[in-house]
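Here is what each chain is made of, one letter per residue.
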Amino acid sequence: HAAHRWSRLSGVPIEAVTVNHGLRVEAADEAEMVGTVCADWGVPHTILQWDGASAKGNIAAAGRDARYDLIAGWAKSRGVQGVLLGHTVDDIAETFLMRRARKSGVDGLSLMDARFDKHGVTWARPFWQQTRAELRDYLTREGMTWVDDPTNDDESHDRPKARKVLDALEPLGISRDVLKT
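About the thresholds
Residues numbered from 1 in each chain as written. Predicted model: local features only at pLDDT ≥ 70, side-chain atom pairs only at ≥ 80, totals over all residues. Heavy atoms only, no water. Helix = DSSP H or I, 4+ residues; strand = E, 2+ residues; numbered from the N terminus. Rg over C-alpha atoms; globule rule 2.2 N^0.38 Å. Core = buried A, V, L, I, M, F, W, Y, C linked by side-chain atoms within 4.5 Å. Buried < 20%, exposed > 50% of the residue type's maximum accessible area, 1.4 Å probe, protein only. Contact = heavy atoms within 4.5 Å. Pairing = 2+ DSSP bridges. Right-handed = clockwise from strand over helix to strand, strands pointing away. Axes fitted to C-alpha atoms, helices over the stretch in contact; angles between N-to-C directions. Phe/Tyr/Trp six-rings, centres within 6.5 Å; stacked < 30°, edge-to-face > 60°. Lys NZ or Arg CZ within 6 Å of the ring centre and 35° of its normal.

(A) Inspection of the overall build of the protein at higher detail. Along its length, the protein carries eight helices and five strands. Starting at the N terminus and walking to the C terminus, you meet the elements of the protein as α-β-α-β-α-β-α-α-β-β-α-α-α. Compactness check: the protein gives a C-alpha radius of gyration of 17 Å against a globular reference of 16 Å for 181 residues, within 12% of the reference. Each principal axis of the C-alpha distribution contributes one length, and for the protein these read about 45 × 40 × 30 Å.

(B) Molecular detail of the nonpolar core. Ranked by internal contacts, the top residues of the largest apolar core, which has 16 residues, are I71, W74, A75, V83, L85, V121 and W123. The set of elements that each furnish at least two residues to this core consists of α3 (59-78) and β5 (121-124). Per-element accounting of this core gives the leading share, six residues, to α3. Discounting chain neighbours no more than four positions away, the residues touching V83 are I71, A75, V121, T122, W123 and A124.

(C) Highlighting the pairing of strand β1 (residues 16-20). Among the five residues that make up β1, four are buried, leaving the element largely enclosed by the rest of the structure. Summarising the sheet, β1 and strand β2 (residues 45-49) pair through five bridges and their orientation is parallel. When the bridges of β2 are listed, V17 appears paired with T46. Note that the unit made of β1, helix α2 (residues 26-41) and β2 has a crossover that is right-handed.

(D) How the structure looks around the environment of V89. Within the fold, V89 resides in helix α4 (residues 89-101). For V89, a relative accessible area of 0% puts it in the buried group. In the structure, V89 is positioned 36 residues away from R125 in sequence and 9.9 Å away in space, judged by C-alpha atoms. With sequence-adjacent residues up to four places away left out, V89 is seen in contact with F127, W128, Q129, Q130, T131, R176, D177 and K180.

(E) Structural view of the sheet that holds β5. Taken in spatial order, the three strands make up an open sheet running β3-β5-β4, and their pairing is mixed. Two strands close off the open sheet at either side, each with one partner strand: β3 (82-84) and β4 (115-118). Each strand of the sheet is rotated relative to its neighbour by a mean of 25 degrees, with strand direction disregarded. As judged from the four bridges shared by β4 and β5, these two strands associate in the antiparallel manner. Along β5, the bridge assignment pairs D117 with T122. Across the sheet, α3 is in contact with β3, β4 and β5; its angle to β5 comes to roughly 120 degrees.

(F) Structural context of the packing of aromatic side chains. Taken as a whole, this structure holds three aromatic pairs when the rule is applied. Judged by centre distance (6.3 Å) and plane angle (10 degrees), the rings of F116 and W123 are stacked. The structure contains a cluster of three or more aromatic residues connected by ring pairs, namely Y68, F116 and W123. When the ring centre of Y68 is taken as reference, the NZ or CZ atom of K118 above it lies at 5.0 Å.

Written out as structure tokens, the structure reads:
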């Protein structure tokens, strides 16, 4: 929505891409929902497929690598030079805690870049200073809906555990904003 609004104001065309990871049955319908919204706005949309069910080992890492590879290939084939990601300050703080738990060194604990180059494409995180709640408030004000991936609440995964820890650390003054600096 924000990119579409910017595109209309700037006159710079945009395209959208969704990766269906194949890990949940609902993911295909969710990707189609994004396509429907994009069609209503006149924004070209592509759905890329990844067979996450056949991934081995760290599924989250394999999925992240696959998304970057697939999206970079799509971007290059379409002449798209930059890709916007939806990461928020919550994602940055959660990632910091997960990396700390894995005993990452200084490089691993550094802040997720707001802008970076990978696979010949420039990537940017325009919402890196907004919280997930602020982004949802914006979408609500704009009359937009979104889908919550149920795995984001499944504490058998590290990210929901990190989210719960962040909530517990907040009263101590260790907030998402503190961890992003």
